[in-house]
Amino acid sequence: MNEQLQTLEHAQQTAIDLAIQSGPRLVVVLLLILADSSVQIAIRPWTPVADFHVTPGDITQAVLETFRDRGIRIPLPQREVRLLDPT
């Protein structure tokens, strides 16, 4: 678990670095939900209006690349469906 936390911290720092490349900005990183099979985080940068639609994508790309570099895979959700005989 320690390695995963270090990876999240690295991804957070990467996101912050990316968000402040063109000047000082506020970046908020939140742990949103500890779900059954996931940890949901949010990275919310304060960005100029001109970059509003581009910045979140850049941050998501940086986090994804960090995860891939560290060997963290995001598995597809799986469901078990059982059909019961009604008779």
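Bear in mind that the values here come from a model prediction, so they are computed numbers and not experimental data. (Residues numbered from 1 in each chain as written. Predicted model: local features only at pLDDT ≥ 70, side-chain atom pairs only at ≥ 80, totals over all residues. Heavy atoms only, no water.)

**Observations regarding the overall build of the protein**
Here is step 1: The helix and strand tally for the protein stands at 2 helices and 2 strands.
Here is step 2: The order of α-helices and β-strands along the protein, N terminus first, is α-β-β-α.
Here is step 3: Here the protein, with 87 residues, has 18% of them falling under the buried criterion.
Here is step 4: Carbon and sulfur atoms form 56% of the exposed surface of the protein, whose accessible area is close to 7,500 Å². (Helix = DSSP H or I, 4+ residues; strand = E, 2+ residues; numbered from the N terminus. Buried < 20%, exposed > 50% of the residue type's maximum accessible area, 1.4 Å probe, protein only. Areas by Shrake-Rupley, 256 points an atom, 1.4 Å probe, with all protein chains shown as cover.)

**Considering the layout of surface pockets**
Here is step 1: Of the voids in this model, the largest pocket is the one considered here, and its volume is about 1,200 Å³.
Here is step 2: Every residue lining the largest pocket is counted, 34 residues in all, and those nearest its centre are Ser38, Val39, Gln40, Ile41 and Phe67.
Here is step 3: Of all elements in the fold, only α1 (2-19), β1 (27-34), β2 (39-45) and α2 (55-69) reach the threshold of two or more residues within the lining of the largest pocket. (1 Å grid on protein atoms, 1.4 Å probe; cavity = no way out; pocket = protein on both sides within 12 Å on 5 of 7 lines; lining within 4 Å. Points joined across faces, edges and corners; volume = space filled by probe spheres on them.)

**Digging into the confidence of the model for the protein**
Caution applies to low-pLDDT regions: their predicted coordinates should not be interpreted in detail.
Here is step 1: Of the residues in the protein, 86% reach a pLDDT of 70 or more, and the chain-wide mean stands at 76.
Here is step 2: Considering each helix and strand of the protein separately, the mean pLDDT is smallest for α1, with a value of 71, and largest for α2, with 82. (pLDDT = per-residue confidence, 0-100.)

**Here's the deal with α2**
Here is step 1: For α2, with 15 residues, the first-to-last C-alpha span of 21 Å sits near the 21 Å given by 1.5 Å per residue.
Here is step 2: Within α2, the full set of buried residues consists of Thr55, Ile59, Ala62, Val63, Thr66 and Phe67. Down the axis of α2, the buried set is contained in an arc of 135°. They therefore lie on one face. Exposed and facing more than 90 degrees away from the buried side of α2 are Thr60 and Arg68. (Expected span 1.5 Å × (residues − 1). Arc of directions from axis to C-beta.)

**Some thoughts on the side chain of Thr66**
Here is step 1: Position of Thr66 among the secondary structure elements: in helix α2.
Here is step 2: In this structure Thr66 touches Thr7, His10, Ala11 and Thr14, once residues within four positions along its chain are discounted. (Contact = heavy atoms within 4.5 Å.)

**A word on the pairing of β2**
Here is step 1: Note that β1 and β2 share 7 bridges and pair antiparallel. Bridging from a neighbouring strand, Leu31 pairs with Ile41 of β2.
Here is step 2: Where β1 hands over to β2, the hairpin turn is made up of 4 residues, counted between the paired strands. (Pairing = 2+ DSSP bridges.)

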